Amino acid sequence: MGGSGSRLSKELLAEYQVRGTRVPGELARGPALRSGVPGREAERPRPPGGPLNPSRFALQDLTFLTKQEIILAHRRFCELLPQEHRSMEESLQIRVSLEQILSLPELKANPFKERICKVFSTSPARDSLSFEDFLDLLSVFSDTATPDIKSHYAFRIFDFDDDGTLNREDLSQLVNCLTGQGEDTRLSASEMKQLIDNILEESDIDRDGTINLSEFQHVISRSPDFASSFKIVL
Amino acid sequence: MEEGPTWEPEAWGSSGAWPAPRGARTGPSLSSVLNELPSAATLRYRGPGVLPWGASREEEEDGETNVQAVAEAAQKELEQPVPSRELPWPMQARRAHRQSRARDEVAQGSDSTKAHWALRLRRSKEQLRERLHTVQPWAWTLKRIGGQFGAGTESYFSLLRFLLLLNVLASVLKACMTLLPTWLEGAPPGPPGPDTSSPCGFYNPGPQGLVTFPTHLFSLLSGEGFLEWSPLFYGFYPPYRHLAVAYLCSVFVIGLLHLVLILNRSVSGLKQTLLAESGALTSYSHRVFSAWDFGLRGDVHVRLRQRIILYELQVELEEAAVRRQAAVRTLGQQAKVWSVRLLLNLLVMALLGAAFYGVYWATGATVELQEMPLVQEMPLVKLGVDFLPSIFISGVNFLLPPVFKLIAPLEGYTRSRQIVFILLRTVFLRLASLLVLLFSLWNQITCGGNAEAEECKACGYNYKELPCWETRLGQEMYKLLLFDLLAGLAVMLLIQFPRKLLCGLCPGALGRTVGTQEFQVPDEVLGLIYAQTVVWVGSFFCPLLPMLNTVKFLLLFYLKKFTLFFTCSPASRTFRASTVNFFFPLVLLLGLTISAVPVLYSIFLIPPSKLCGPFRGQPSIWAKIPESISRLPRITQNFLFFLGTQAFAVPLLLISSLLMVYTLVLANSYGRLISELKRQIETEAQNKVFLAQRAVALSSANGAL
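Residues numbered from 1 in each chain as written. Chains lettered and ligands numbered in written order. Predicted model: local features only at pLDDT ≥ 70, side-chain atom pairs only at ≥ 80, totals over all residues. Heavy atoms only, no water.

As annotated in an unreviewed UniProt entry, chain B carries the name Transmembrane channel-like protein and is attributed to Suricata suricatta. Annotation of chain B in UniProt includes, under Sequence similarities (unreviewed entry), the sentence "Belongs to the TMC family." Recorded in UniProt for chain B, the comment headed Subcellular location (unreviewed entry) runs: "Membrane". (UniProt positions renumbered as here; feature names shortened; annotations may be inferred.)

You'll find chain A entered in an unreviewed UniProt entry as Calcium and integrin-binding protein 1, with Suricata suricatta given as the organism.

Spelled out as structure tokens, the structure:
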């Protein structure tokens, strides 16, 4: 994790130095920090303008985000960190707990917020997000992400018990999230049963009682509204 | 072990009756057997070095082998070269994948210049796309609107932006093809004096004597007075030969360009809608799976959205029940429902008829009223009379749609059907009232189509009342455009803002309900399309109309944005982005078609004014084109005339019908292939589950022994 973290910082900073643009707050400390570590100077990446080096991957190659979006994401991520951890190196390695991520206004009110964080977390306990995880999240929810990858993650988010298929419990939990959890806002049991029966009737092509990923993607591919609604913008 | 699931062949009877025995950890449960299938394993694979989906923490210790198996199963997936960022893996795994791919490339000798250039090309393409994305105006604003108010509202603004683009293009073309040639051939001549006499009467648009400031203002609003003989209107343009051809061509070029752009825009919407073939079949799944707008933020909006979804689902379920009931309705009930519908439709027709008659009357009355001395004396009344048709059209469009909304639920249709009816009636009202206005003007210009009538005999048009009828048409459209903008402003300033402010002052439930205003996407979009149709009709007679419309739409964009953020809450149900993307371009096309009719009619059939405009002296406006073709070299002439003959048209028709048949056959065969494959999937899944059940049954039997 450490190795990838330092490469990431170099990428971010290299972009900055070559661009020569205004360097906002935390990122300005980057070059000073790097010059403090003399060993690193040697393997400094060549600027993007030069000949392409196949061992260097811009974050844009790995995500669907533009440079500006990545930088904005980094700034927002740093705001979640305590003051003393906001340096470049640290911000790329530290993990932010679920509660802090959920306090972001973009996620705060979302009924699927816990699921989203769980799906994108790579920590063993699935309870915290690193900057890379955060970028993953934004990449999938960005405008330019392919419908395939969007529907894949939507499936993961809706698969509440993480068992790889959407069964009746998953569906009812999903519907409850959509309509609100309160007693008065829920569908009645009979309505719920009717609804889930209808959904399975439509989507469960192989009639095994659950919706698997390919069935889900098949349905979603025919839903014109999905790509426009599966978006989060910072 | 006896608790383990047994083979239940009867479980196949109904969907969803399948008991999914999760959590039965004691033996090889059916779900665990199914989970170990290679296909399932592939789906659960999350890339190298990451636990697959569904591997819980307790399993981690013995998960090593599991991961191995899963990785092997997923190898197949990796054989196709997928760009790293399109893999549904965490960043770490994607980076590893990217590295290994790069290494492979190096091993395969990617140092060759070819691969190098391919990489370069791809990068620069991506950069270009990124640049283009940033060039798009208001991309950020649109995103923010989408985030806060949902995709439906966002699509209104993107439509507005699209229309703005159309208008900017049209303005540029108009400037290049009409304004430039006018001044290239020397300063245009002034207005004809009162003493010029001809068999077609006289035309004297110039203002007489000293003009007061209010008169100036009223002229500005009605397009008369000093504006009448200005580049704004058709009459001003001098009869230069090149100008006339360019003037006529600009209309066709703009029309074609707009047609292509609109088609291009609606194609994507059309594709999606066709993909969702038989929408009734998957409506529940769509309602649930793509219901949530993940961009929504703010507790209030989220709660509102949840309520909307709940309501929508309940209505949908109820509707299904109603539909089932309707299927078993008795003959008497059926008759009752239909008679109610018939009565209501008659009512609607009566309302529409009254509205159209009002518009027709207003247009006719304008001319008569203007002659009255009382009106002549008071400029304010004169202005009111000038705007009478616009006032009637706007008033009708303001009053009738709510009435339609009231009528719709009484008809006993399902809710989704009701929306369609309301929309169709509103569109009809909007566009038809414009047509009625045009018809009424046509009636005046051509003396009701009677070329032998006394007023029209000499010149082919009513030269006494309308010495320059093209300018008059342009003025009508100019007034419509202006009045539309003013009415929009008035509604915003006098109704929406006070309502918001007053209701903000009085707390409680009443204040909240009255103060909550929704951004009505369909109404607003129809307003836009109506405005654009007016511009299409008018741009031949008033060449600068696209420019004015550009300014208007620009203003509208900011005003609507401001109202949206200041007064509105998210739009409610029914208007999904897909509807807007598909249905509204269709209406836009309808508007373009409708506007083409009067423009083409006046170009081909009505004789142009003898005293004004670039086409004076021609038998019809179109006659200019054959005339200028006859000045071209012989070969070009022959070619152009050949394009108009049957020898060219018939083969073209044949070829296009052949292509169409081919496409239809292709589509048909694809459809058959799809249903074939679907059946295959079903049998395969049945086989799979059957075998898994046998395996479970056998192993549990072994365990029992």
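Next comes the rest of the write-up.
Caption draft 1: Summary view of the overall build of chain B. A count of helical and extended segments in chain B gives 24 helices and 2 strands. Taken across its 705 residues, chain B has 43% of its residues classed as buried. (Helix = DSSP H or I, 4+ residues; strand = E, 2+ residues; numbered from the N terminus. Buried < 20%, exposed > 50% of the residue type's maximum accessible area, 1.4 Å probe, protein only.)

Caption draft 2: Geometry of the UniProt feature "domain: EF-hand" (unreviewed entry) in chain A. All names here are of chain A. In the UniProt entry, the feature "domain: EF-hand" (unreviewed entry) is given for residues 146-181 and 191-226. Regarding residues 146-181, the helix share stands at 67% and the strand share at 6%, and the terminal C-alpha atoms are separated by 31 Å. Across residues 191-226, the secondary structure splits into 64% helix and 6% strand, with the terminal C-alpha atoms separated by 24 Å.

Caption draft 3: Local environment of the UniProt feature "transmembrane region" (unreviewed entry) in chain B. Residue and element names in this part refer to chain B. In the UniProt entry, the feature "transmembrane region" (unreviewed entry) is given for residues 162-184, 244-263, 342-363, 383-407, 419-442, 534-559, 582-606 and 639-665. Helix makes up 77% of residues 534-559 and strand 0%, and the two end C-alpha atoms of the span are 21 Å apart. Counted over residues 639-665, helix gives 93% and strand 0%. Its end C-alpha atoms are 35 Å apart.

Caption draft 4: Main features of the environment of B:R472. Residue and element names in this part refer to chain B. Of note, R472 is situated in helix α17 (residues 469-505). R472 sits 237 residues away from G235 along the chain, and the two C-alpha atoms are 9.2 Å apart. The contacts of R472, once residues within four sequence positions are left out, are V367, L441, Q444 and L466. (Contact = heavy atoms within 4.5 Å.)

Caption draft 5: Focus on the packing of helix α13 (residues 189-203) of chain A against helix α11 (residues 299-327) of chain B. α11(B) packs onto α13(A) with a crossing angle of 80° between their chain directions and a minimal axis gap of 11 Å. What the angle tells us is that α13(A) and α11(B) run roughly perpendicular. Residues A:E191, A:Q194, A:L195 and A:N198 of α13(A) form the contact with α11(B), whose own contacting residues are B:L313, B:Q314 and B:L317. Its residues assigned to classes, the contact of α13(A) with α11(B) shows 3 nonpolar, 3 polar and 1 charged. (Axes fitted to C-alpha atoms, helices over the stretch in contact; angles between N-to-C directions. Parallel < 35°, antiparallel > 145°, perpendicular 65-115°, else oblique. Nonpolar A, V, L, I, M, F, W, Y, C, P; charged D, E, K, R; others polar.)

Caption draft 6: Looking closely at the nonpolar core. Membership of the largest hydrophobic core comes to 74 residues, with the highest contact counts inside it found for A:F112, A:I116, A:F158 and B:F289. Both domain 1 (63-145) and domain 2 (147-230) of chain A contribute no fewer than three residues apiece to this core. When sequence neighbours within four positions are dropped, the list of residues in contact with B:F289 reads A:F158, A:L166, A:L171, A:L174, A:I199, A:S203, A:I211, A:F216, A:V219, A:I220 and A:F226. Residues B:V251, B:A432, B:V535 and B:L544 belong to the second largest nonpolar core, which totals 64 residues. (Core = buried A, V, L, I, M, F, W, Y, C linked by side-chain atoms within 4.5 Å. Domains from an automatic or database assignment.)

Caption draft 7: Focus on the interface of chain B and chain A. On the chain A side, the residues contacting the 75 residues of chain B number 95 residues. Summed over both sides, the interface between chain B and chain A buries roughly 7,800 Å², with carbon and sulfur atoms accounting for 58% of that surface. Connecting chain B to chain A are 0 salt bridges. On the surface where chain B and chain A come into contact, there are 4 residue pairs in polar contact (both at pLDDT 80 or more). Per-class residue counts for the side of chain B that touches chain A are 34 nonpolar, 19 polar and 22 charged. (Buried area = accessible area lost by both parts, 1.4 Å probe. Salt bridge = Lys/Arg side-chain N within 4 Å of Asp/Glu carboxyl O. Polar contact = N/O pair within 3.5 Å; in protein donor to acceptor, adjacent residues only side chain to side chain.)

Caption draft 8: Highlighting the packing of aromatic side chains. A full pass over the atoms with the stated rule returns 44 aromatic pairs over all chains. Ring centres of B:Y234 and B:Y247 lie 6.0 Å apart, and the angle between their planes is 75°; on these two criteria the pair is classed as edge-to-face. Placement of B:Y234 in the loop between α8 (213-222) and α9 (241-275) and of B:Y247 in helix α9 is noted, with a sequence separation of 13 residues between them. Accessibility assignment for this pair places B:Y234 and B:Y247 in one class, buried. Judged by centre distance (5.7 Å) and plane angle (5°), the ring pair of B:F562 and B:F566 falls under stacked. Here B:F566 and B:F562 lie together in helix α20 (residues 545-567), a separation of 4 residues that amounts to about one turn. With relative accessibility at 36%, the residue B:F566 sits in the partly exposed group. A connected cluster of aromatic rings, assembled from ring pairs, spans A:F112, A:F120, A:F141, A:Y153, A:F155, A:F158, A:F216, A:F226, A:F230, B:F289, B:W292 and B:F294. (Phe/Tyr/Trp six-rings, centres within 6.5 Å; stacked < 30°, edge-to-face > 60°.)

Caption draft 9: Region of interest: helix α15 (residues 388-407) of chain B. Compared with an ideal rise of 1.5 Å per residue, which puts 20 residues at 28 Å, α15(B) spans 28 Å between its outermost C-alpha atoms and is within 8% of the ideal. Taken residue by residue, α15(B) has B:L388, B:P389, B:S390, B:I393, B:V396, B:N397, B:L400, B:P401, B:F404 and B:I407 as its buried positions. (Expected span 1.5 Å × (residues − 1).)

Caption draft 10: Structural detail: a negative patch on the surface. A grouping of B:E368, B:E371, B:E454, B:E455 and B:E465 is seen on the molecular surface, where their side chains present a negatively charged patch. With a relative accessible area of 60%, B:E368 lands in the exposed category. (Patch = residues over 30% accessible without salt bridge, like charges linked within 9 Å, V, L, I, M, F, W, Y side chains within 5 Å. Areas by Shrake-Rupley, 256 points an atom, 1.4 Å probe, with all protein chains shown as cover. Lys, Arg positive; Asp, Glu negative; His and termini not counted. Charge placed at Lys NZ, Arg CZ, Asp CG, Glu CD.)

Caption draft 11: View of a nonpolar patch on the surface. Residue and element names in this part refer to chain B. A grouping of F398, L399, L493, L494 and I495 is seen on the molecular surface, where their side chains present a nonpolar patch of about 550 Å² in accessible area. Taken together, the elements giving at least two residues each to the nonpolar patch come down to α15 and α17. With 3 residues, the single largest contributor to the nonpolar patch is α17. Mapped onto the elements, I495 comes out in helix α17. On the basis of relative accessible area, I495 is assigned to the partly exposed category, the value being 41%.

Caption draft 12: View of the confidence of the model for chain A. All names here are of chain A. Averaged over all residues, the pLDDT of chain A is 73; the fraction at 70 or higher stands at 75%. Within the model, the stretch residues 1-6 combines pLDDT values under 50 with 7 contacts to residues more than four positions away or in other chains. Of the regions scoring below 50 in pLDDT, residues 15-57 engages in 59 contacts with residues more than four places distant in sequence or in other chains. (pLDDT = per-residue confidence, 0-100.)

Caption draft 13: Seen up close, the pattern of salt bridges. All names here are of chain A. A complete count under the given rule lists 15 salt bridges over all chains for this structure. Measuring nitrogen to oxygen at the nearest pair gives 3.1 Å for the salt bridge that ties K231 to D143. Linking K231 in the segment after α15 (226-229) with D143 in the loop between α10 (131-140) and α11 (147-158), this pair joins segments that are 88 residues apart in sequence. Residue classification places K231 among the buried positions, given a relative accessible area of 14%. Looking at D143, the relative accessible area reads 34%, which means it is partly exposed. In this structure, D197 and R168 form a salt bridge, with 2.8 Å as the shortest nitrogen-oxygen distance. Highlighted residues: D197 in helix α13 and R168 in helix α12 (residues 168-179), separated in sequence by 29 residues.

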